[in-house]
Amino acid sequence: MARARELLAAFDELSGEFNESDREPRGRVRVSLPVVFGRLFIVPLVGDFLRRHPAVSAELVMTDRYVSLVDEGFDLAIRVGVPADTSARGRKLADSGRVLVAAPSYLRARGRPNAPSDLRTHECLVHGEANASTVWRFGREPGKGVPVPVRGRFAANNSEAVALMARQGLGVALLADWLVRDDIKRGRLVPLLEGFVTPPAPVFALSPPGRFSSTTVRALTEHLAAGLAARLERKTG
């Protein structure tokens, strides 16, 4: 029976995509976005999409909380990092590079880590939940990172809050390179462990399981995928 339901769902999806294949994007799309990445990258791209497709309307919900796509009625969710919802259908849109940083004042007080293992004795500013175990990975080559458990007195689910604490000299932070690029350029933050690489944070578009994606959702996803790489490159280059 389970296999029959899977085949029926697949047939319904293909039928829906076939019926909508010749339609222009139209209607309303509801999208969940992370606050900082959404504001800087996704909102401008959605604006471009709406200008190109006047029959489309969009509702953007900015939150760093992992929403339930089905229960909360979202057509699409953009997430930075490996998706926690394994039931959702995901498409990788881009990679977001990361860099380890600290303020000069922190380094004067606590010294500079020379190896990833040194981070065990440093105050690490966590982007996530305080009660969850946090592991950062570092390697000499891409894809060969060694896990390093870290901890500290501060955690937040907002990357701008973590960056602010880093600028104030409260610890070491692992943050998106596009977020701290200007701070590094102005000397407010210093890159650390530059001989090591950290895995990039993937950017995913997630859609609800068991339902075919509309023409509008598919077109918006394609638009985001096409636009993100260029925008991320401009921010980091």
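Residues numbered from 1 in each chain as written. Predicted model: local features only at pLDDT ≥ 70, side-chain atom pairs only at ≥ 80, totals over all residues. Heavy atoms only, no water.

A. Here's a closer look at the packing of aromatic side chains. A full pass over the atoms with the stated rule returns three aromatic pairs. Taking 5.0 Å as the distance between ring centres and 75° as the angle between the ring planes, the aromatic pair formed by Phe41 and Trp178 counts as edge-to-face. Of the two residues, Phe41 is situated in helix α2 (residues 35–52) and Trp178 in helix α5 (residues 177–186); the sequence distance between them amounts to 137 residues. Accessibility expressed as a relative area gives 1% for Phe41, which makes it buried. Residue Trp178 is classed as buried on the basis of its relative accessible area, which comes to 9%. Here the aromatic cluster, defined as three or more aromatic residues joined through ring pairs, consists of Phe37, Phe41 and Trp178. Across the ring face of Phe74, the terminal group of Arg30 is positioned such that the distance to the ring centre comes to 4.2 Å. (Phe/Tyr/Trp six-rings, centres within 6.5 Å; stacked < 30°, edge-to-face > 60°. Helix = DSSP H or I, 4+ residues; strand = E, 2+ residues; numbered from the N terminus. Buried < 20%, exposed > 50% of the residue type's maximum accessible area, 1.4 Å probe, protein only. Lys NZ or Arg CZ within 6 Å of the ring centre and 35° of its normal.)

B. A look at the pattern of salt bridges. Per the counting criterion, the structure on display carries twelve salt bridges. Between Glu59 and Arg28 there is a salt bridge, with the nearest N and O atoms lying 2.3 Å from each other. Of this pair, Glu59 sits in strand β2 (residues 56–62) while Arg28 sits in strand β1 (residues 27–33); the two residues are 31 residues apart in sequence, bridging distant segments of the chain. Two residues, Asp183 and Arg188, come together in a salt bridge whose shortest N-O distance is 2.6 Å. Asp183 sits in the buried class, given a relative accessible area of 4%. Residue classification places Arg188 among the partly exposed positions, given a relative accessible area of 36%. It is possible to trace a salt-bridge network through shared partners that takes in Arg167, Asp182, Asp183, Arg186 and Arg188. (Salt bridge = Lys/Arg side-chain N within 4 Å of Asp/Glu carboxyl O.)

C. Structural context of the layout of surface pockets. Its volume calculated, the largest pocket comes out at about 1200 Å³. If you trace the largest pocket, you find 37 residues lining it, with Tyr66, Val80, Gly81, Arg98 and His127 closest to the centre. Elements with a contribution of two residues or more to the lining of the largest pocket: α2, β3 (76–80), β6 (124–127), β7 (134–138), α4 (159–167), β10 (172–176), α5 and β12 (201–207). At four residues, β7 tops the list of elements feeding residues into the lining of the largest pocket. By residue class, the composition of the lining of the largest pocket is 23 nonpolar, nine polar and five charged. (1 Å grid on protein atoms, 1.4 Å probe; cavity = no way out; pocket = protein on both sides within 12 Å on 5 of 7 lines; lining within 4 Å. Points joined across faces, edges and corners; volume = space filled by probe spheres on them. Nonpolar A, V, L, I, M, F, W, Y, C, P; charged D, E, K, R; others polar.)

D. Layout of the confidence of the model for the protein. The pLDDT averaged across the protein works out to 86; a share of 84% of its residues lies at or above 70. When the elements of the protein are averaged for pLDDT, helix α1 (residues 2–20) gives the smallest value, 46, and strand β11 (residues 190–191) the largest, 98. Considering only residues more than four positions removed or in separate chains, one finds that residues 1–20, a stretch of pLDDT under 50, has eleven contacts. (pLDDT = per-residue confidence, 0-100. Contact = heavy atoms within 4.5 Å.)

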